[in-house]
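One letter stands for each residue in the lines below.
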Amino acid sequence: MEVAVVAGADPGHALPAIGVAAQLVRRGHGVRLHTGAGHAATAAAHGLALTPLPDIGADEVTATGFGERLRQLAVALAPRLVTDWRSRPPDVVVVDSLTWGAALAAQRLDRPWVELIGHHLPDPDEGLPPVGLGRSMPSPAWRRRNDRRLVARQRRSIADGATEDHRAIASLGLDRMPAPCARLVATLPVLERVRHPWPSNVHVVGPLAVDPVGPVLQPPEGSAPLVVVTDSTASGVVSSLGALARHAFDGCDLRVAVTSSNLPATTTEAMVVGRGPHGPLLAEAAIAIGHGGGGFLTKAAAAGVPAVIAPLQGDQREAAARWREVGAGRVIRASRLTPRRLRWAVVRHLADRRAHEAAARLAAEARWLGAGLAATIVEQVGSGQAPAADGAAHHLAGAAASVRGRRH
């Protein structure tokens, strides 16, 4: 089977895509990976040849609004991919949620496609709080009414966006926006809120992101609890979390490792700052601190590490709310983030037995899921099947039943 995998260059989008692509390569499939050139070494380490995303000129993307920029990028990207794939069309295309020009290319070539979502399912639902605000599930009647009004507005905005999408794709000679055959959501079932009905093409598949290739950042020596802090890797986001952490934990009986591209590398007796993969650090960590990016949080979940989260934007706010709901996360609003508040959030989290138990439950779920499951669903779509799920825990229940069957 030939598979094309297309993802944006930000690590939060590229690394989950590489995780799925790597599994497909291990199973003997041909994979064409299109993402940012900066991930070439990581792709090569997993047996993947990377084709950089085509350059798109500033004259082709002139909009300032986020949604309109995505449309212009999609319209510019689609014909370039069609040209690249026409001589040997892939059997199935895996498309990062922000790179839907690849979905248009798949439709032009009459190929099925799978959407890859690096965090929670972002669709508004009238039974849930509005997407992107980080609200908890409502209980008072006035909150439920307010939430329903906001969700109705979000749905109207999506409908307006669909009209604009139609105008955009008409310029490519297409008459409709293609629907994905499956949607892969890189979170855990317990972190995905219940929906009625559950969208049958949505599959919660667990952690997908691989660690980037590079030197491992060695934590300080000693037996004190290790706190792992990461700055945001999203383009255009200036994060000072690492710098703030250096002040927050100065003089504390903790070991601190800060992964950051924004700070100069430094090493002291109790703290190291530099660039390095999260996996080895989280395997030893007692607490994880970040803004709530999907890749970092799924790695923390897989390692069973509670998190302190200071979200900056919509998907991070949603992730923070869900970690808080299950008891594995403490949340600090970015506007209230100070060294003192961060220090005390970590101290309280370290002493909270329930937080560590909740994080252990996340790790237990993560063991059943992951990139192997995502690759299986891609294979099913590529062979003409329409895999369906009946809830967030659909594949978790299936994996447990499979193990019970093998034991008998």
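Note that the structure is a prediction, hence the values are computed from the model and not measured.

Draft legend 1. Main features of helix H9 (residues 314-326). For H9, built from 13 residues, the straight-helix expectation of 18 Å at 1.5 Å per residue is met to within 8% by its first-to-last C-alpha distance of 19 Å. Gln316, Glu318, Ala319, Ala320, Ala321, Arg322 and Trp323 are the residues of H9 that are buried. Those residues of H9 hidden inside the fold are in contact with helix H8 (294-303), strand S13 (307-309), strand S14 (329-331) and helix H11 (353-366). Positive phi shows up at Gly327, right after H9, with a value of about 90°.

Draft legend 2. The packing of helix H6 (residues 241-248) against helix H10 (residues 339-350), seen in detail. Running from N to C, H6 and H10 cross one another at 75°; their axes reach a closest spacing of 8 Å. It follows that H6 is roughly perpendicular to H10 by the angle criterion. Contacts between H6 and H10 involve Leu241, Leu244, Ala245, His247 and Ala248 from the first element and Pro339, Leu342 and Arg343 from the second. In the contact of H6 with H10, the residues fall into 6 nonpolar, 1 polar and 1 charged.

Draft legend 3. Quick look at the sheet that holds strand S7 (residues 202-204). With parallel pairing, 7 strands are arranged side by side in an open sheet as S3-S2-S1-S4-S5-S6-S7. Here the strands that pair on one side only, and so sit at the sheet edges, are strand S3 (50-52) and S7. Neighbouring strand axes in the sheet, compared pairwise and without regard to direction, differ in orientation by 20° on average. Against the sheet, helix H1 (residues 11-26) touches strand S1 (2-6), strand S2 (30-35), strand S4 (92-96) and strand S5 (113-117), its axis set at about 170° to S2. Against the sheet, helix H12 (residues 371-382) contacts S1, S4, S5, strand S6 (182-185) and S7, and its axis sits at roughly 175° relative to S6.

Draft legend 4. Here's a closer look at the packing of helix H3 (residues 66-85) against helix H4 (residues 101-108). For the pair H3 and H4, interaxial distance at closest approach is 7 Å and the crossing angle is 45°. In terms of orientation, H3 lies oblique with respect to H4. Two packed elements cross with a definite hand, and for H3 against H4 that hand is right-handed. Of the residues in H4, those touching H3 at Ala74, Leu77, Ala78, Leu81, Val82 and Trp85 are Gly101, Ala102, Leu104, Ala105, Ala106 and Arg108. Residue classes in the contact of H3 with H4 are distributed as 10 nonpolar, 1 polar and 1 charged.

Draft legend 5. Structural view of empty space enclosed by the protein. Per the counting criterion, the structure on display carries 2 cavities of 30 Å³ or more. Residue lining of the largest cavity: 15 residues in total, with His120, Thr187, Leu191, Ala319 and Trp323 positioned closest to the centre. Mapped onto the lining of the largest cavity, the elements with two or more residues apiece are H8 and H9. Taken together, the residues of the lining of the largest cavity break down into 7 nonpolar, 7 polar and 1 charged. The computed volume of the second largest cavity comes to approximately 40 Å³. Each residue belonging to the lining of the second largest cavity can be placed in one class, and the counts come to 3 nonpolar, no polar and 5 charged.

Draft legend 6. Summary view of the sheet that holds strand S12 (residues 287-290). What the 7 strands build is an open sheet, ordered S10-S11-S9-S8-S12-S13-S14; its pairing is mixed. Two strands bound the open sheet, and with one partner strand each, they are strand S10 (266-267) and S14. Bridging between S13 and S14 involves 3 bridges; their strand directions are parallel. Looking at the pairing, Ile309 lines up with Val331 of S14. Against the sheet, H6 touches strand S8 (226-230), strand S9 (255-259), strand S11 (271-274) and S12, its axis set at about 150° to S8. Sheet strands in contact with H8 are S8, S12 and S13, and its direction is about 175° off that of S12.

Draft legend 7. Inspection of the pattern of salt bridges at higher detail. According to the stated counting rule, one finds 18 salt bridges in the structure shown. With a closest N to O distance of 2.3 Å, Arg193 and Glu325 form a salt bridge. Of this pair, Arg193 sits in the loop between S6 and S7 while Glu325 is found in helix H9, placing the two residues 132 residues apart along the sequence. By relative accessible area, which is 6% here, Arg193 ends up buried. For Asp352, the salt bridge is made with Arg330, and the minimal N-O distance between the two is 3.6 Å. Of this pair, Asp352 sits in the loop between H10 and H11 while Arg330 sits in strand S14, and the two are 22 residues apart along the sequence. Here Asp352 falls in the buried class, since its relative accessible area comes to 16%. Through salt bridges with shared partners, one network takes in Glu192, Arg193, Glu318, Arg322 and Glu325.

Draft legend 8. Looking closely at the pairing of S9. The buried fraction of S9 is high, at 5 of 5 residues. Side chains of S9 alternate between two faces, with Arg255, Ala257 and Thr259 and Val256 and Val258 buried alike. Note that S8 and S9 share 5 bridges and pair parallel. Paired with Thr230 across the strands is Thr259, a residue of S9.

Draft legend 9. Structural detail: the layout of surface pockets. Within this model, the second largest pocket holds a volume of roughly 160 Å³. At 4 residues, the largest contribution of residues to the lining of the second largest pocket is made by H9. A breakdown of the residues in the lining of the second largest pocket according to their chemical character gives 6 nonpolar, 2 polar and 3 charged.

Draft legend 10. Molecular detail of H12. Taking 1.5 Å as the rise per residue, H12 with 12 residues should run 16 Å; its terminal C-alpha atoms sit 16 Å apart, in good agreement. Every buried residue of H12 is accounted for by Ala371, Leu373, Ala374, Ala375, Ile377, Val378, Glu379 and Val381. Where H12 terminates, the next one or two residues include Gly384, which has phi positive at roughly 95°.

Conventions and cut-offs
Residues numbered from 1 in each chain as written. Predicted model: local features only at pLDDT ≥ 70, side-chain atom pairs only at ≥ 80, totals over all residues. Heavy atoms only, no water. Helix = DSSP H or I, 4+ residues; strand = E, 2+ residues; numbered from the N terminus. Expected span 1.5 Å × (residues − 1). Buried < 20%, exposed > 50% of the residue type's maximum accessible area, 1.4 Å probe, protein only. Contact = heavy atoms within 4.5 Å. Axes fitted to C-alpha atoms, helices over the stretch in contact; angles between N-to-C directions. Parallel < 35°, antiparallel > 145°, perpendicular 65-115°, else oblique. Nonpolar A, V, L, I, M, F, W, Y, C, P; charged D, E, K, R; others polar. Pairing = 2+ DSSP bridges. Left-handed = near helix turned anticlockwise from the far one by under 90°. 1 Å grid on protein atoms, 1.4 Å probe; cavity = no way out; pocket = protein on both sides within 12 Å on 5 of 7 lines; lining within 4 Å. Points joined across faces, edges and corners; volume = space filled by probe spheres on them. Salt bridge = Lys/Arg side-chain N within 4 Å of Asp/Glu carboxyl O.

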